[in-house]
Amino acid sequence: MLPLVARIEKADPPARIDALETAARAVLVLLSDERSAGDGAWAAAVRDWQDARIRKVVRRARGAEWRRAGALPGITVTGARAEVRVFPPVPLDGWPKELARLQVSGTELDDPEPPGAPAPDRPVLWLNPGLEMSAGKEMAQAGHAAHLAWWELSGAERAAWRAAGFPLSVRSAEAAEWETLTRSGLPVVQDAGFTEIAPGSCTVVADHPALRGALPPTG
């Protein structure tokens, strides 16, 4: 599985959408890192992980916990205020002790204000409005959606997204639009059901502009 650690300080936690977007970008940053390809230091672990379930687990850290996590090989990605550190994949029972002791619970986050409409030319990861998930669960699901979009893109499209800094938005879909999104041909995350929600639940649709043009006409 892929470990992600979100920095959540008691006095100054990040906004929920900021954390979700930062987690999704962290997954993309790891996938595009030179260490994850070819003969890179993380390449074998990344290949083994992608050949199985692309499971991701988000844990929280603060203070000394965050500093200890930062000393391990990985990449820290920042958002407006959120910080997420992503690590190379590890076996289910092979977490480094500095990460194994971190809590999965406690990732409840809120948005001080409703997020605005996403830019029309920016990839959007649309959350299922009918599911209730913790912020940590949603961070993992957003990471899955970004991952599925990455798989669908060409090499040139991946390079362009990376060069731009992996811009993306995470938003909750309108209830009336969710079914249309899931039938659009865009990548859809179906959860394995290990935690919080039922197996097979559709959680996120990855709407990347480069993928919209490849969809068959509807109507």
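Notes on the structure follow. (Residues numbered from 1 in each chain as written. Predicted model: local features only at pLDDT ≥ 70, side-chain atom pairs only at ≥ 80, totals over all residues. Heavy atoms only, no water.)

Moving on, we get to the overall build of the protein chain. Each helix and strand counted, the protein chain has eight helices and eight strands in total. Computed over C-alpha atoms, the radius of gyration of the protein chain comes to 17 Å, within 12% of the 17 Å expected from 2.2 N^0.38 for 219 residues, which places it in the range of a compact globule. Its C-alpha atoms give the protein chain principal-axis dimensions of roughly 55 × 40 × 35 Å. Looking at the protein chain as a whole, 47% of its 219 residues qualify as buried. Summarising the internal contacts of the protein chain: among those between residues at least 6 apart in sequence, 77% fall at separations of at least 24. Entry remark: accessible area of the protein chain is about 10800 Å², with carbon and sulfur atoms responsible for 51%. The average position of the 25 basic charges and that of the 28 acidic charges among the side chains of the protein chain differ by 7 Å. (Helix = DSSP H or I, 4+ residues; strand = E, 2+ residues; numbered from the N terminus. Rg over C-alpha atoms; globule rule 2.2 N^0.38 Å. Buried < 20%, exposed > 50% of the residue type's maximum accessible area, 1.4 Å probe, protein only. Contact = heavy atoms within 4.5 Å. Areas by Shrake-Rupley, 256 points an atom, 1.4 Å probe, with all protein chains shown as cover. Lys, Arg positive; Asp, Glu negative; His and termini not counted. Charge placed at Lys NZ, Arg CZ, Asp CG, Glu CD.)

Attention shifts here to the pairing of strand β2 (residues 56–61). The side chains of a regular strand alternate between the sheet's two faces. Counting buried positions along β2 yields six of six residues, so the element is predominantly enclosed. Alternating residues of β2 divide into Lys 56, Val 58 and Arg 60 and Val 57, Arg 59 and Ala 61, and every residue in both groups is buried.

Under the counting rule described, the total for this entry stands at 11 salt bridges. Salt-bridge contacts for Arg 212 lead to Asp 207; the nearest nitrogen and oxygen are separated by 2.6 Å. Of the residues examined, Arg 212 reaches a relative accessible area of 32% and is grouped as partly exposed. A cluster of three or more residues bridged by salt bridges with shared partners is formed by Arg 7, Glu 9 and Glu 83. (Salt bridge = Lys/Arg side-chain N within 4 Å of Asp/Glu carboxyl O.)

With that settled, consider the layout of surface pockets. Taken as a whole, the largest pocket encloses approximately 570 Å³ of empty space. As for the largest pocket, its lining consists of 32 residues, and the residues nearest its centre are Arg 55, Lys 56, Lys 137, His 144 and Asp 191. Looking at the lining of the largest pocket, the elements that each hand over two or more residues are β2, α5 (135–152) and β7 (188–190). Here the lining of the largest pocket takes seven residues from α5, the largest share from any one element. Across the lining of the largest pocket, the residue classes break down as 14 nonpolar, 10 polar and eight charged. (1 Å grid on protein atoms, 1.4 Å probe; cavity = no way out; pocket = protein on both sides within 12 Å on 5 of 7 lines; lining within 4 Å. Points joined across faces, edges and corners; volume = space filled by probe spheres on them. Nonpolar A, V, L, I, M, F, W, Y, C, P; charged D, E, K, R; others polar.)

As a further point, take the packing of aromatic side chains. Counted by the stated rule, this structure contains two aromatic pairs. With a centroid separation of 5.5 Å and 75 degrees between ring planes, the pair formed by Trp 161 and Phe 166 is classed as edge-to-face. The same class applies to Trp 161 as to Phe 166, namely buried. Grouped by ring-pair contacts, the aromatic residues Trp 150, Trp 161 and Phe 166 constitute a single cluster. The residue whose ring lies beneath Arg 55 is Phe 194, and the NZ or CZ to ring-centre distance is 4.1 Å. When the ring centre of Trp 95 is taken as reference, the NZ or CZ atom of Arg 59 above it lies at 4.2 Å. (Phe/Tyr/Trp six-rings, centres within 6.5 Å; stacked < 30°, edge-to-face > 60°. Lys NZ or Arg CZ within 6 Å of the ring centre and 35° of its normal.)

Counting residues in each nonpolar core, the largest one holds 52 residues, and the members touching the most others are Leu 4, Leu 125, Met 139, Trp 161 and Val 170. No other element matches the 10 residues that helix α1 (residues 16–32) contributes to this core. Leaving out residues up to four positions away in the same chain, Leu 125 has contacts with Ala 24, Ala 142, Ala 145, Ala 146, Leu 168, Ser 169, Val 170, Arg 171, Val 204, Val 205 and Ala 206. Trp 66, Ala 69, Leu 72 and Phe 87 belong to the second-largest nonpolar core, a separate cluster that totals 12 residues. (Core = buried A, V, L, I, M, F, W, Y, C linked by side-chain atoms within 4.5 Å.)

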